[in-house]
Amino acid sequence: SITNLDWNPATASQSTPWPCAPNTITVQLQPTVPLSLCKTGPTDSSPGYPILTISGLTGSTTASNSSLPVTSLSGSSGVFASSGVWSVGGTLILNVTATMSALQTYSFTFSLTNGQQSQSAPAASLTTSRLTQASNLYLMTNQATGWMSTNPALHTIFEAQAMFIRSLAFMPGTLVSQSS
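Bear in mind that the values here come from a model prediction, so they are computed numbers and not experimental data. (Residues numbered from 1 in each chain as written. Predicted model: local features only at pLDDT ≥ 70, side-chain atom pairs only at ≥ 80, totals over all residues. Heavy atoms only, no water.)

Asks: Now, about the confidence of the model for the chain: what can you tell me, with residues and values included?
Replies: Looking at the chain, pLDDT values average 74 and 66% of them are 70 or higher. Per-residue pLDDT stays below 50 along residues 131–180; that stretch engages in 160 contacts with residues further than four places along the chain or on separate chains. (pLDDT = per-residue confidence, 0-100. Contact = heavy atoms within 4.5 Å.)

Pasting the structure below:
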């Protein structure tokens, strides 16, 4: 049996609920499996680390930015890229830049500007791609035909059921909500 990735816990909080105000979003993640370098295909000679995508962060007036500053917090130094790709639709894409140990909490922050209209907390979600276990035994690749393992032993196990692709909604009431 192969252990699935889960983020337990995965939380996000904001610095202010006020309309039109700068809002620092703090994200805390704890992977249930170790995450390290991963190849994008069997012939890839340049493995990369996982990519995190946080989506559903609606209500911000922050313009799209291919280099939105991201700050790693204590204990997470060097684990996350210093910037991510922000899209005005409410999505942040962030590269992991170092191995993440299982059951260790990692945190980072980024700033958005709250919109002028009040809203309930959006239903944000976290997806992760390009994952592997630290032992490098279960490398995954996203080919045009779908997910497949670069470990030939897993090719007949329904591609390990795309074992490391997981989406998780954040705790309700934690992101980009404004008061009326």
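Asks: Outline unusual backbone geometry, listing residues and values.
Replies: The phi torsion of most residues other than glycine is negative, and most of the peptide bonds are trans. For the bond from N8 to P9, the omega torsion is 0°, close enough to zero to count as cis. Position of P9 among the secondary structure elements: in strand β1 (residues 7–14). The backbone of C20 sits at a positive phi, close to 65°, despite the residue not being glycine. Given the relative accessible area of 49%, C20 is considered partly exposed. Even without a glycine there, the phi angle at L103 is positive, about 65°. Following the sequence through the fold, L103 ends up in the loop between β7 (91–95) and β8 (106–113). (Helix = DSSP H or I, 4+ residues; strand = E, 2+ residues; numbered from the N terminus. Buried < 20%, exposed > 50% of the residue type's maximum accessible area, 1.4 Å probe, protein only.)

Asks: Give me the lowdown on the nonpolar core, citing residues and values where you can.
Replies: Judged by nonpolar contacts, the single largest core of 28 residues is most densely connected at W7, F80, F108 and F110. Those elements that place two or more of their residues in this core are β1, β2 (22–31), β3 (51–55), β7 and β8. Broken down by element, this core gets its largest block of residues, four residues, from β8. (Core = buried A, V, L, I, M, F, W, Y, C linked by side-chain atoms within 4.5 Å.)

Asks: An account of the pairing of strand β6 (residues 83–87) is requested, with residue identities and associated values reported.
Replies: Covered by surrounding structure in β6 are G84 and W86 only, the residues S83, V85 and S87 on the alternate face being uncovered. Two strands pair when backbone bridges link them, and strand β4 (residues 65–69) and β6 are joined in this way by three bridges, in the antiparallel orientation. Within β6, the residue paired with P69 across the bridge is S83. Bridge count for β6 against β7 is three bridges, and the pairing is antiparallel. Looking at β7, one finds that V85 is bridged to I93. (Pairing = 2+ DSSP bridges.)

Asks: Summarise the sheet that holds β2; cite the residues concerned and give the values.
Replies: The strand order across the open sheet built from four strands is β1-β2-β8-β5, with neighbouring strands paired in antiparallel fashion. Looking at which strands have only one partner, the edges of the open sheet turn out to be β1 and β5 (71–72). By the bridge criterion, six bridges tie β1 to β2 in an arrangement that is antiparallel. Bridge pairing in β2 links S13 to T26.

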